[in-house]
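# Summary of structural features
Next come the chains, spelled out residue by residue.
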Amino acid sequence: MTGTQRRQQLLDVGREVFARRGYDGTSIEELAARAEVSKPVVYEHFSGGKEELYAVVVDREMQRLLDRFTAALAAGGSPRRLLERAALVLLDYIEEDTDGFRVLSRDSPVAGSADGHASLIGEVAHRVEHVMGAQLDARGHDPAPAGLYSQALVGMVALAGQWWLARRSPGKEEVAAHLVDLAYGGLGHLQPSAGRRPASGPLTG
């Protein structure tokens, strides 16, 4: 392999192993063994060892997901449509890049807050906030709720996505629509299903 190919192989191996075992459960020995190289080869490409490899895997997945959000939201539409598209982007990512999602849905032990455990999904939401805010503002909508929308939507979809990943039912589009109904309209505005008697009044806490 060329140096570039070897580095890519180590990133792919790291992504898979970190997704399955988490950062603390992964050793540099296992990473080297899975790539069929010696430990010095891993350090040749990632001088900081496991921590540096993990950081690069996380950064790559963050950028991959952010690129998806940017492309999807650039198409425009109403605030509700933007939320639907953002929810579907994350569900697509969960399905197509499952290992990447599992890495991002864990707490990071090496970056962020003072206690060393920053939520990677929270960081995804923070980055999406800027994309969503810019799109809302460009279309004449109030960008102020962008932070709330992004944190609530990304957090909700990520958690629901873990549930959906084990079932793959209902379809992604239906899951996205339900989540946005909940986020955008609130429980008090949900319509009763056919054959079910509606509640006597709006849901209250």
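Note that the coordinates shown come from a computational prediction; the quantities given were computed from them, not determined experimentally. (Residues numbered from 1 in each chain as written. Predicted model: local features only at pLDDT ≥ 70, side-chain atom pairs only at ≥ 80, totals over all residues. Heavy atoms only, no water.)

With 18 residues, helix α5 (residues 79-96) extends 26 Å from end C-alpha to end C-alpha; this agrees with the ideal 26 Å at 1.5 Å per step. Those residues of α5 hidden inside the fold are in contact with α4 (49-73), α6 (98-104), α7 (120-138), α8 (146-165) and α9 (172-185). (Helix = DSSP H or I, 4+ residues; strand = E, 2+ residues; numbered from the N terminus. Expected span 1.5 Å × (residues − 1). Contact = heavy atoms within 4.5 Å.)

Attention shifts here to α7. Think of an α-helix as turning once every 3.6 residues; residues three or four places apart then point the same way. Taking 1.5 Å of rise per residue, the 19 residues of α7 would be expected to cover 27 Å, and the 28 Å separating its terminal C-alpha atoms lies within 8% of that figure. For α7, the set of buried residues is Leu120, Ile121, Val124, Ala125, Val128, Val131, Met132, Gly133, Gln135 and Leu136. Phi turns positive one or two residues past the end of α7, at Gly140, with a value near 80°. (Buried < 20%, exposed > 50% of the residue type's maximum accessible area, 1.4 Å probe, protein only.)

Counting residues in hydrophobic clusters, the biggest one holds 56 residues, and the most contacted among them are Leu65, Phe69, Leu90, Leu104 and Val124. Where this core is concerned, the elements lending two or more residues are α1 (3-21), α2 (28-35), α4, α5, α6, α7, α8 and α9. Ranked by residues supplied to this core, first place goes to α4 with 10 residues. Aside from chain neighbours lying at most four places away, what touches Leu90 is Leu65, Phe69, Val154, Val157 and Ala158. (Core = buried A, V, L, I, M, F, W, Y, C linked by side-chain atoms within 4.5 Å.)

The next subject is the environment of Thr98. As for its position among the elements, Thr98 is in helix α6. Under the relative-accessibility criterion, Thr98 is labelled buried at 16%. Note: C-alpha distance between Thr98 and Leu165 (67 residues apart in sequence) is 8.6 Å. Once you skip the residues sitting within four places of it in the chain, Thr98 turns out to touch Tyr93, Leu165 and Arg168. Side-chain polar atoms of Thr98 contact the backbone oxygen of Glu95, separated by 3.2 Å. (Polar contact = N/O pair within 3.5 Å; in protein donor to acceptor, adjacent residues only side chain to side chain.)

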